[in-house]
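# Coordinates in review
Here is what each chain is made of, one letter per residue.
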Amino acid sequence: LNRATELAPDYAAAHACIAFTHVMDYANGWSDNPEHQLQSGLELAQRATKMDDEEPLAHFALGVGHMWNKELDQSMAESQRCLELEPNSADGYLALAHALIFNSEPAAAIDRLETYINLDPLYPDLMLHFMAEARISLRQFEEAITILKQRLERNPSSETAYALLASCYGNLDRIEEGKAALAALLKLVPDFSLDWKQRVLPFKNLSDFEIRANGLHKVGLP
């Protein structure tokens, strides 16, 4: 991507993709200085929109950045702008759905995810994560378990899938199954921290996070 910007300094899509990588470093804890990564991503995405306000990827990246910066209204507005520019943007629908989940609108998120599936029948397993998140927010734990198992078939090392699976089992009082899922999670991430998750995940309402946390507590996570 840096090579692309060297060849074409005003290539907004390349700058947007670089911005997205910075935001993902923040969201996944892949940086020693996560706040710097998030702010760098936001600044680069804003720069990309100024280079070309009609580049969908620039608005997509800026929407994702705003979401992780806990600016959900701006995030949804940028995702909508992405979709105005590219109505068939699967990424735009995915970003909008993710923000809607954090904004306590899981039913609307499911609607966008179903559109996404129609646009991208070979969807990545991340889509299954978002669908499970929406079902959990609706307290549809059985449905979420089915979806999470599908994700784990495609990505057996997904720590987030095991965390949500353990939470779902806990919320259903299926404690032994929940403990098994928690053990698989801790094998992958021995230092898994709910405190860090609460600090980073941009839930508008704490009650949505507590659904997930309470299920994990029931199966033994401190």
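This section reports on the structure supplied with the text. Just so you know, the residues in each chain are numbered from 1, in the order the chain's sequence is written. Restriction of local features to residues with pLDDT of at least 70 applies here, the model being predicted, together with a cutoff of 80 or more for giving and counting side-chain atom pairs; totals for whole chains, interfaces and linings are based on all residues. Side-chain measures here rest on the full set of heavy atoms in the structure, leaving out hydrogens and waters.

### Section: the side chain of histidine 98
Runs of H or I in DSSP of at least four residues are treated as helices and runs of E of at least two as strands, each being numbered from the N terminus. Following the sequence through the fold, histidine 98 ends up in helix H6 (residues 90-102). Contacts between residues were defined by any pair of non-hydrogen atoms, one from each residue, lying within 4.5 Å. Apart from residues lying up to four places away in sequence, histidine 98 is in contact with Met67, Trp68 and Phe130.

### A look at the layout of surface pockets
As a volume, the largest pocket reaches approximately 1000 Å³. A 1.4 Å probe that fits but cannot get out identifies a cavity on a 1 Å grid over protein atoms alone, an open set with protein on both sides within 12 Å along at least five of seven lines counts as a pocket, and a residue lines either if it has an atom within 4 Å of a point. If you go around the largest pocket, you meet 39 residues; those closest to its centre are Ala27, Asn28, His129, Thr160 and Lys197. Of all the secondary-structure elements, those providing two or more residues to the lining of the largest pocket are helix H2 (12-27), helix H4 (56-68), H6, helix H8 (125-137), helix H10 (159-171), helix H12 (194-200) and helix H13 (206-218). Each residue is assigned to one of three groups, with Ala, Val, Leu, Ile, Met, Phe, Trp, Tyr, Cys and Pro labelled nonpolar, Asp, Glu, Lys and Arg labelled charged, and all others, Gly among them, labelled polar. Taken together, the residues of the lining of the largest pocket sort by class into 23 nonpolar, 9 polar and 7 charged. Grid points are joined across faces, edges and corners, and a volume is the space filled by probe spheres set on the points.

### Some remarks on the packing of aromatic side chains
Only Phe, Tyr and Trp rings are paired, with Trp represented by its six-membered ring, and only when their centres lie within 6.5 Å; those with planes under 30 degrees apart are stacked, over 60 edge-to-face, the remainder tilted. For the structure on display, the rule yields 4 aromatic pairs. Centre to centre, the rings of phenylalanine 102 and phenylalanine 203 are 4.8 Å apart; their planes meet at 75°, and the pair counts as edge-to-face. Taken together, the positions of phenylalanine 102 in helix H6 and phenylalanine 203 in the loop between H12 and H13 put the pair 101 residues apart, joining distant regions of the chain. In this structure phenylalanine 203 comes out as buried when scored by relative accessible area, which is 13%. Taken together, the ring pairs in this structure connect Trp68, Phe102, Phe203 and Phe209 into an aromatic cluster. When accessible area is computed with a 1.4 Å probe and restricted to protein chains, residues below 20% of their type maximum are described as buried, those above 50% as exposed, and intermediate ones as partly exposed.

### Considerations on the pattern of salt bridges
Every case where a carboxyl oxygen of Asp or Glu lies within 4 Å of a side-chain nitrogen of Lys or Arg is listed as a salt bridge. Following the criterion strictly, the structure yields 9 salt bridges and no others. Notably, a salt bridge pairs glutamate 6 with arginine 3, separated by 3.3 Å at the nearest N-O pair. Of the two residues, glutamate 6 and arginine 3 are both situated in helix H1 (residues 2-7); the distance of 3 residues between them amounts to about one turn of the helix. The pair formed by glutamate 6 and arginine 3 is uniform in burial state, with each residue classed as exposed. In this structure, the salt-bridge partner of lysine 218 is aspartate 173, at a minimum N-O distance of 3.4 Å. Of the two residues, lysine 218 sits in helix H13 while aspartate 173 sits in the loop between H10 and helix H11 (175-188), which places them 45 residues apart along the sequence.

### Some remarks on helix H7 (residues 106-119)
Here a helix's expected span is defined as the number of its residues, less one, multiplied by 1.5 Å. In a regular helix each residue adds 1.5 Å, so 14 residues correspond to 20 Å; H7 covers 20 Å between its end C-alpha atoms and thus fits that length. Looking only at H7, the buried set comprises Pro106, Ala109, Ile110, Leu113 and Tyr116. One side of H7 holds all its buried residues, which, seen down the axis, span an arc of 115°. Arc, as used here, means the arc of the directions from the helix axis to the C-beta atoms.

### Details of H2
The terminal C-alpha atoms of H2, which comprises 16 residues, lie 22 Å apart, in line with the 22 Å expected from a rise of 1.5 Å per residue. Those residues of H2 lying buried are Ala12, Ala13, Ala14, His15, Ala16, Ile18, Ala19, Val23, Met24, Tyr26 and Ala27. Among the structural elements, H1, helix H3 (34-51), H4 and H12 are those in contact with the buried residues of H2.

### Thoughts on the nonpolar core
Of all hydrophobic cores here, the largest spans 73 residues; its most connected members are Trp68, Met127 and Phe192. Counting residues per element, this core draws most heavily on H6, at 10 residues. Residues contacting phenylalanine 192, with those up to four places away along its chain left out, are Ala163, Leu185, Leu186, Lys197, Leu216 and Leu221. Within this scheme, the nonpolar core is defined by two criteria: the residues are buried Ala, Val, Leu, Ile, Met, Phe, Trp, Tyr or Cys, and they are joined through side-chain atoms within 4.5 Å.

### Focus on unusual backbone geometry
Of note in the backbone geometry, lysine 70 takes a positive phi value of approximately 65° without being a glycine. As for its placement among the helices and strands, lysine 70 is situated in the loop between H4 and helix H5 (72-85). When its relative accessible area of 47% is taken as the criterion, lysine 70 is described as partly exposed. Here the phi dihedral of arginine 139 falls at roughly 60°; this positive angle occurs in a residue that is not glycine. In this fold, arginine 139 is placed in the loop between H8 and helix H9 (141-154).

### Some details on the packing of H8 against H13
Axis lines are fitted to C-alpha atoms, over the contacting stretch for helices. Their N-to-C directions set the angle, which ranges from 0 to 180 degrees. Where H8 contacts H13, the two axes come as close as 10 Å, and the packing angle between them is 100°. Comparing the axis directions of H8 and H13 gives the class roughly perpendicular. For the pair H8 and H13, contact is made by Glu133, Ile136 and Ser137 and by Asp208, Ile211 and Arg212, respectively. Class assignment for the residues of the contact of H8 with H13 results in 2 nonpolar, 1 polar and 3 charged. In this scheme, roughly parallel covers angles under 35 degrees and roughly antiparallel covers those over 145, while 65 to 115 is roughly perpendicular and the rest are oblique.

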